[in-house]
Amino acid sequence: MTEIRNATPDDAPALLGIYAPYVEKTGITFELEPPTVEVFRQRIAKTLEKFPYLAAVDDDGIIVGYSYASTLRPRPAYNHCAEVSIYIREDARRRGIGTALYAELERRLRAMGIINLYASITWVEGHNSHLTRQSP
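Report follows, based on the coordinates. (Residues numbered from 1 in each chain as written. Predicted model: local features only at pLDDT ≥ 70, side-chain atom pairs only at ≥ 80, totals over all residues. Heavy atoms only, no water.)

## A look at helix α1 (residues 12–25)
Thought 1: Between its first and last C-alpha atoms α1 spans 20 Å; for 14 residues at 1.5 Å apiece the expected length is 20 Å, and the two agree.
Thought 2: Within α1, the full set of buried residues consists of Ala12, Leu15, Leu16, Ile18, Tyr19, Ala20, Pro21, Tyr22 and Val23.
Thought 3: Along its buried surface, α1 packs onto α2 (37–48), β2 (53–57), β3 (63–70) and β4 (81–88). (Helix = DSSP H or I, 4+ residues; strand = E, 2+ residues; numbered from the N terminus. Expected span 1.5 Å × (residues − 1). Buried < 20%, exposed > 50% of the residue type's maximum accessible area, 1.4 Å probe, protein only. Contact = heavy atoms within 4.5 Å.)

Have a look at this one:
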């Protein structure tokens, strides 16, 4: 059973361990190099000022995925919108963790009055080693 809990800046090393392979092996993050643990810690703290940041923890207490929301656009008309992101540890995919993370994130965002959610999804026709058709 996977537990969904609030992530904290102290989770940065574990979350970065999940995120870094996406940077190194794919083009979906739009980053060229993984950030440092300190930069990642700051990103988490900044997100938590306004939005939920969730961690999925397995029975052994290991973080196997995370999701969070961020500001879609800075203008007031977008105050009821958010962009959502999710990352699952490579060896934990296809176990329903993403579904559980999204469901809890959506529930919390709805309670905050967020009514529109957006996700950036990369897509490529044909074969590309950095952009695949697999969801994280």
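## Digging into the packing of aromatic side chains
Thought 1: Taken as a whole, this structure holds eight aromatic pairs when the rule is applied.
Thought 2: Judged by centre distance (5.8 Å) and plane angle (15 degrees), the rings of Tyr53 and Tyr66 are stacked. Separated by 13 residues along the polypeptide, Tyr53 in strand β2 and Tyr66 in strand β3 bring together distant segments of the chain.
Thought 3: When its relative accessible area of 3% is taken as the criterion, Tyr53 is described as buried.
Thought 4: Relative to Tyr68, the ring of Tyr66 lies with its centre 6.3 Å away and its plane at 10 degrees, an arrangement referred to as stacked. This pair shows no difference in class: Tyr66 is buried, exactly as Tyr68 is.
Thought 5: Of the aromatic side chains, those joined through ring pairs into one cluster are Tyr19, Tyr22, Phe40, Tyr53, Tyr66, Tyr68 and Tyr87. (Phe/Tyr/Trp six-rings, centres within 6.5 Å; stacked < 30°, edge-to-face > 60°.)

## A short note on the pattern of salt bridges
Thought 1: According to the stated counting rule, one finds nine salt bridges in the structure shown.
Thought 2: The shortest N-O distance in the salt bridge between Lys46 and Glu49 comes to 3.5 Å.
Thought 3: Look at Lys46 and you get exposed, because its relative accessible area is 56%.
Thought 4: What makes Glu49 exposed here is its relative accessible area of 63%.
Thought 5: Its salt-bridge partner being Glu104, residue Arg108 comes within 2.7 Å of it at the nearest N-O pair. Separated by four residues within a single helix, Arg108 and Glu104 lie in helix α3 (residues 97–111), roughly one turn from each other.
Thought 6: Using a relative accessible area of 17% as the deciding quantity, one classes Glu104 as buried. (Salt bridge = Lys/Arg side-chain N within 4 Å of Asp/Glu carboxyl O.)

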